[in-house]
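Below, each chain spelled out in residue letters.
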Amino acid sequence: MARKMLVDEEMNQTNQEEAHYDFDLFVIGAGSGGVRAARFSANYGAKVGICELPFHPISSEVIGGVGGTCVIRGCVPKKILVYGAAFGSELEDARNYGWELNEKLDFNWKKLLHKKTDEIIRLNGIYKRLLSNAGVKLFEGEGKIVGPNEVEVTQLDGTKLSYSAKHILIATGSRAHRPPIPGQELGITSDEALSLEDLPKHAVVLGGGYIAVEFASIWRGLGANVDLFFRKELPLRGFDDEMRAVVARNLERRGINLHPQTNLTELIKTDNGIKVTTDHGEELIADVVLFATGRLPNSKRLNLEAVGVELDNTGAVKVDEYSRTSIPSVWAVGDVTNRMNLTPVALMEGTCFAKTVFGKEPSKPDYSHVPCAVFSIPPLSVVGLSEEQAIEQANGDVLVFTSTFNPMKNTVSGRQEKTVMKLVVDAETDKVLGASMCGPDAPEIMQGIAVALQCGATKAQFDSTVGIHPSAAEEFVTMRSVSRRITCRGKPKTNL
Amino acid sequence: MATTSFTAPKLSSPTFQTLCRNFPLSLPIPKTLSSFSFHLSPFLSRFHLHHHHYHPPRFHPRRLFAVRAESENGAEPIRHYDFDLFTIGAGSGGVRASRFAANFGASVAVCELPFSTISSETTGGVGGTCVLRGCVPKKLMVYASKYSHEFDESNGFGWKYDTEPKHDWSTLMANKNAELQRLTGIYKNILNKAGVTLIEGRGKIVDPHTVDVDGKLYTARNILISVGGRPFIPDIPGREYAIDSDAALDLPSKPEKVAIVGGGYIALEFAGIFNGLTSEVHVFIRQKKVLRGFDEEIRDFVGEQMALRGIQFHTEESPQAIVKSADGSLSLKTNKGTIEGFSHIMLATGRRPNTKNLGLESVGVKINKNGAIEVDEYSRTTVPSIWAVGDVTDRINLTPVALMEGAALAKTLFQNEPTKPDYRAVPSAVFSQPPIGQVGLTEEQAIKEYGDIDVYTANFRPLKATLSGLPDRVFMKLIVCAKTNKVIGLHMCGEDSAEIAQGFAVAVKAGLTKADFDATVGIHPTSAEEFVTMRSPTRKIRQSSESQGNMGHEAKTAAGV
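Residues numbered from 1 in each chain as written. Chains lettered and ligands numbered in written order. Predicted model: local features only at pLDDT ≥ 70, side-chain atom pairs only at ≥ 80, totals over all residues. Heavy atoms only, no water.

## Description of the UniProt feature "domain: FAD/NAD(P)-binding" (unreviewed entry) in chain A
At step 1: Under the UniProt annotation, "domain: FAD/NAD(P)-binding" (unreviewed entry) lies at residues 23-350 of chain A.
At step 2: This span, residues 23-350 of chain A, is 32% helix and 26% strand, and a straight line between its end C-alpha atoms measures 17 Å. (UniProt positions renumbered as here; feature names shortened; annotations may be inferred. Helix = DSSP H or I, 4+ residues; strand = E, 2+ residues; numbered from the N terminus.)

Okay, here's the thing in structure tokens:
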């Protein structure tokens, strides 16, 4: 409430004081959230400047590139490599369909890598054009906040530009984090993993999150030996436990060595490669060690503390529901705020920011029912609550519908891998609280389901939808019998 | 995929319990059936419990009959029947209705012809068209044929083949047929487990309560006709040289050069299959475009994409004759000329209901001019004790619709819950390459029905194609009612369309608005996310000048919000 009034008040001020600022908005960081906010603000009529570091596939304090993590070091190159890797098993499956292929198939990593880089360079160009078409002024260099309405951009040649802006938006994203273990400099992060000169023969991956399982799948699909180490019993903490077990089983079946509840303690360079030691005393030799141990907000070199922008203990910029920081003229969206670190969420935050500040329509991003996908092979996709979350939050009983089936393609290919789907339903209201799927095409399938959940669709509405036959997705509308009913009423709300 | 329901049939005992709890019931009389007296007769149920001659292997404490179609005037004495339901035809609709009826406590028999991959007057097989001669084998062939495109794609991702991948036809046929055998076995098992009596043979209706199967008579309180449809072959000279879709799914060797006559989904699916399995494919269509009845833009788009993959379309050409030459090759004569040298000519010129020789006319079951059985909204024919579901009624000829009709019928008859199948927003797919997924109205239908609509389209090169270098594109379309903001049509052509459309079908069926779509966060990077990120309409269609004025006003108001 107070926030809205503040915004309105400022709108009025804007009318009187507009002329005093070089820009209505200056955005630091041209990734998903920053570009979206900049473009939309410009479309609302704001005068917008944006700064970004020079382009490079591997990021550092001084290099980055328009497009940001998603386009240059995340979603896009990752998905390209997943496509490339998925052909490995696809081609195996072709044999039982009558295709005669050479025993050993040639794969040229350098070609894939080269084409991947070409594609992200192309996208980098498209993003730049998007900005210029929207009338946003792009500066190349490192941005810094020097006052509540003042930014400084250090250009490549060292010269510094200084601009005043009515609003400043921080959208600098995040970067991969390395664990503090001896020899950590021998390991790589996902940035380098997307640009390796050679395909690893034996890769060690540390981490149980989506980045870890995605890279494990990529390398395994392309023929590498992969050992995956993670702290918990199952990978993908935070996802539905049943689905985590399904992913673990699939990874293992496809030949990835899983090491649950295991950490790495030391890396040592040897003539044969990197010697990896675990806290269980095991030793392995690998040519690549990937740290997929989380990402940290990129907030260090922005001079935020000096101007009074508060950070939390992980370094994330603290913001209110409208993405405003502790300084009223400074805002932040995307991974740097560490809310929900997904491209489409950063886009939503950027859009809401532009609406709030320049569209006279205070808008809060809505974090309920945000779908997401893990591009492991096969992929996992979810929307809404996991079974555990549903039980935790339920007032009444929770109904769980699951379906485990052999996808039709496998009946001939002979691949032994089941697809698993799950709906979690509130017994009282019949609302579908959560949906998850692990199996081919899961992310594509889940998008439409997400629309239904966003609008509070009931199980009855799912049931009344006719299936598309034969598809995997039709299983979501043909789950007739409850797999289990969990009585939550009166149950103490504790988690394991 | 349906294979689950095969391997793990879910028997809905909770429903049965509900039924018991609610018993006795008073049945609301559906309007269309009100000329007959319906009510529950507990006496009758008990009577039947003692007398029906078939006991399912498991359960039931008590037989329940929700609906009784007899005259209650006392004119007819209570009659004993061999079965509560006798189903003719064990395809999707028949099996579903029979299983569900048995689960609801009815004694059920189903008859079906002996198994064969090619249907005839004397062959068929448990599983029906979908499992043996339709959806399933077709999809398996699509999977097989898609690989040639995937090989091309994989080149762009760094994969290399020292020798061009070759396809061995017989391996595919053997593996496909093994799967069909497995499935027909599973279907039989499902019937058996549900306590349904399976009778092999040709069923024919003798009177409103009697079915003759190869000379043996069975009486039933209700008879269900679910005999499906069969390919229709137009009467042209040389038609005996042509193959239909049954044969096309089970050819002994690869067709080198094939002509496909027809522009419907079956024609397009087979064009994709044969093209992918490296045949030379020519498609002959009567109209300018393929897929009559589909959204016009989709029709254009899929035709273009298929042509890019090497399929040759011959538009506005109707077949007139097929000629076999001395060397055994076939020529197709059309209104525009003759094309020679085909190894196979496939006629994909529609399907017709299988209503011949069922004894329908003699008992008074009315048939329309296409041979389809006329039914009311509850799938009841003109004879009160005879019902029909699936393709034989020629409503919407899709497996999931037959399943819906079968399930609704079982509820109507045996669960005291008169249920009409709901034909609104039935999604469907065409497994052409690229495939199509759709739900709701086409743009043309939407304009007719709603007048004022907003159309959102996207036509893009998917991420995979930017790497593969192939000319693949994706087309998506949302049709929104201008007045209510409801999404009334959704269409897509491109990779994964069929899978993508399903979830959106839930949303469209639930009557969700464009604003609801917009409020949904995308899944990145997918093709599907495009459906929730379509921000500005490609065009706004306004009917009358009067409503245009109104719309202008509304639009302004909306923009001001």
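That covers the picture; the talk isn't over yet.
## A word on the UniProt feature "domain: FAD/NAD(P)-binding" (unreviewed entry) in chain B
At step 1: Mapped onto this numbering, the UniProt entry gives "domain: FAD/NAD(P)-binding" (unreviewed entry) at residues 84-406 of chain B.
At step 2: Taken end to end, residues 84-406 of chain B is 33% helix and 25% strand, and its two terminal C-alpha atoms sit 15 Å from one another.

## A look at the sheet that holds strand S14 (residues 273-278) of chain A
All names here are of chain A.
At step 1: One open sheet holds the three strands; their spatial order is S13-S14-S15, and the pairing between them is antiparallel. The two strands at the open ends of the sheet, each matched to only one other strand, are strand S13 (264-270) and strand S15 (283-286). Neighbour-to-neighbour, the strand axes of the sheet open up by a mean angle of 25°, direction not taken into account.
At step 2: Alignment of S14 against S15, held across four bridges, turns out to be antiparallel. Across the sheet, residue threonine 277 finds its bridge partner in S15, namely glutamate 283. (Pairing = 2+ DSSP bridges. Axes fitted to C-alpha atoms, helices over the stretch in contact; angles between N-to-C directions.)

## A word on the UniProt feature "binding site: NAD(+)" (unreviewed entry) in chain A
Residue and element names in this part refer to chain A.
At step 1: As recorded in UniProt, the sites labelled "binding site: NAD(+)" (unreviewed entry) are Gly207, Gly208, Gly209, Tyr210, Ile211, Ala212, Val213, Glu214 and Gly294. Their sequence span is 88 residues, while the largest C-alpha to C-alpha distance among them is just 13.5 Å; these annotated residues converge on one region.
At step 2: If you trace the backbone, glycine 208 turns up in the loop between strand S10 (202-206) and helix H7 (210-221).
At step 3: Excluding residues that lie within four positions of it along the chain, glycine 208 makes contacts with Phe230, Pro235, Leu236 and Arg237.
At step 4: You can see alanine 212 is positioned in helix H7.
At step 5: When its relative accessible area of 0% is taken as the criterion, alanine 212 is described as buried. (Contact = heavy atoms within 4.5 Å. Buried < 20%, exposed > 50% of the residue type's maximum accessible area, 1.4 Å probe, protein only.)

## A closer look at the pairing of strand S10 (residues 257-261) of chain B
Where a strand is regular, its side chains alternate between the two sheet faces.
All names here are of chain B.
At step 1: With five of its five residues buried, S10 lies for the most part within the structure.
At step 2: Looking at chain direction, S10 and strand S11 (residues 280-284) are connected through five bridges and run parallel. Across the sheet, isoleucine 260 pairs through a bridge with valine 283, a residue of S11.
At step 3: Considered for its hand, the β-α-β crossover made up of S10, helix H9 (residues 265-276) and S11 is right-handed.
At step 4: Bridge count between S10 and strand S16 (residues 344-347): four bridges; the pairing is parallel. When the bridges of S16 are listed, valine 258 appears paired with histidine 344. (Right-handed = clockwise from strand over helix to strand, strands pointing away.)

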